[in-house]
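What follows is the residue order along each chain.
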Amino acid sequence: MRRLTFLLFPLVLVACSADFLRVQPAEEWSPDSGDFQVDAVAFQDISRAVGKAARAECLRQSKVSNCDFTILVDLNPRAPVNAFQTLDKQDQPVIIFTRSMIQSAKNPDELAFVMAHETAHHVLGHIARQTEIAQESAAIFNDLGKLYGEDGKELERSQKLGAEVGVQVNVKDFELEADQLGTIITHNAGYDPLVGAKYFDRLPDPGDEFLGTHPPNAERVQIVVETARQLGLTE
Ligand SMILES: [Zn+2]
């Protein structure tokens with residue numbers, strides 16, 4: 001595992017290193033306790049089906065050239081509920097589910113939806129775009145800072161704030177885009193995105209704070225329902 005870029009689900013954006021992670025391929029994973037509503041066989045099926053559907057969509061959209069997804073499980077029982085992504089040594093996408101993330105799902109559709117959402121971030125090239133936006137925003141705030149005569153520490157603070165504001169504002173759009181494409185990938189993988197998106201109901205609602213990293217849950221559900229309607233899944 002070379003690097004762990006961004007933690008995109010469910011709440012925060014954090015850069016960290018994956019070197020300390022103890023992981024296992026999803027297709028080999030089986031829980032050591034019975035405390036799961038989705039069993040190991042179902043999870044292996046989800047990983048295979050979503051990985052395949054995501055690869056097909058990735059090749060079709062061809063926004064990025066690396067489309068071979070690997071799904072891993074973070075075996076640390078104390079890791080918080082999360083799913084995130086990184087790249088392997090060959091620059092291929094890797095999606096990592098924590099054990100507690102798998103445990104928190106009520107049915108296979110929810111896990112398929114979260115997995116499809118993560119793969120969608122990669123298919124849509126969000127990581128690279130996020131880095132660009134951070135750089136652009138930092139530059140804009142830098143110019144503003146200079147205009148108002150800031151120097152040294154003040155200017156540095158403006159650049160940093162600029163990068164954060166730029167990333168957070170755009171992260172909300174990225175999340176909705178990933179929900180939309182995630183709905184399609186979930187459906188193509190043979191799972192029900194409308195059942196899967198019920199997972200949002202159990203997430204704390206970030207509301208619409210300006211600097212919140214995620215859009216309000218209602219907005220996310222709305223885009224899933226709208227996309228499902230376009231797929232002919234509802235009236
Ligand atoms: Zn996301």
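- Going by an unreviewed UniProt entry, the chain carries the name Peptidase M48 and comes from Ruegeria profundi.

### Topic: the overall build of the chain
Next up, step 1: The helix and strand tally for the chain stands at seven helices and five strands.
Next up, step 2: Mapped in sequence order, the helices and strands of the chain form the string β-β-α-β-β-β-α-α-α-α-α-α.
Next up, step 3: By the burial criterion, 50% of the 235 residues in the chain qualify as buried.
Next up, step 4: Long-range contacts, defined as pairs at least 24 residues apart, comprise 70% of the intrachain contacts of the chain with a sequence gap of at least 6.
Next up, step 5: Here the chain displays about 11600 Å² of accessible surface, and carbon together with sulfur accounts for 53% of that area.

### Regarding the state of the cysteines
Next up, step 1: This model, assessed by the stated rule, comprises one disulfide.
Next up, step 2: Here C58 is linked by a disulfide to C67, with a sulfur-sulfur distance of 2.1 Å. Since a negative S-S torsion denotes a left-handed disulfide, the C58-C67 link at about -70° is left-handed. Note on accessibility: C58 and C67 belong to one class, buried.

### As for the nonpolar core
Buried together is how nonpolar side chains tend to be arranged in soluble globular proteins.
Next up, step 1: F43 and F97 are the most contacted members of the largest nonpolar core, which totals 42 residues.
Next up, step 2: Listed by contribution, the elements that provide at least two residues to this core are α1 (40-61), β3 (70-74), β5 (93-98), α2 (99-104), α3 (108-123) and α5 (152-188).
Next up, step 3: Summarising the domain contributions, this core has at least three residues from each of domain 1 (3-105) and domain 2 (127-230).
Next up, step 4: Discounting residues that sit within four places of it in the chain, F43 has contacts with A26, W29, V38, V73, F97, I102, L111 and M115.
Next up, step 5: Counting five residues, the second-largest nonpolar core is a separate cluster that includes L72, F84, V94 and I96.

What counts as what
Residues numbered from 1 in each chain as written. Predicted model: local features only at pLDDT ≥ 70, side-chain atom pairs only at ≥ 80, totals over all residues. Heavy atoms only, no water. Helix = DSSP H or I, 4+ residues; strand = E, 2+ residues; numbered from the N terminus. Buried < 20%, exposed > 50% of the residue type's maximum accessible area, 1.4 Å probe, protein only. Contact = heavy atoms within 4.5 Å. Areas by Shrake-Rupley, 256 points an atom, 1.4 Å probe, with all protein chains shown as cover. Disulfide = S-S within 2.5 Å. Core = buried A, V, L, I, M, F, W, Y, C linked by side-chain atoms within 4.5 Å. Domains from an automatic or database assignment.

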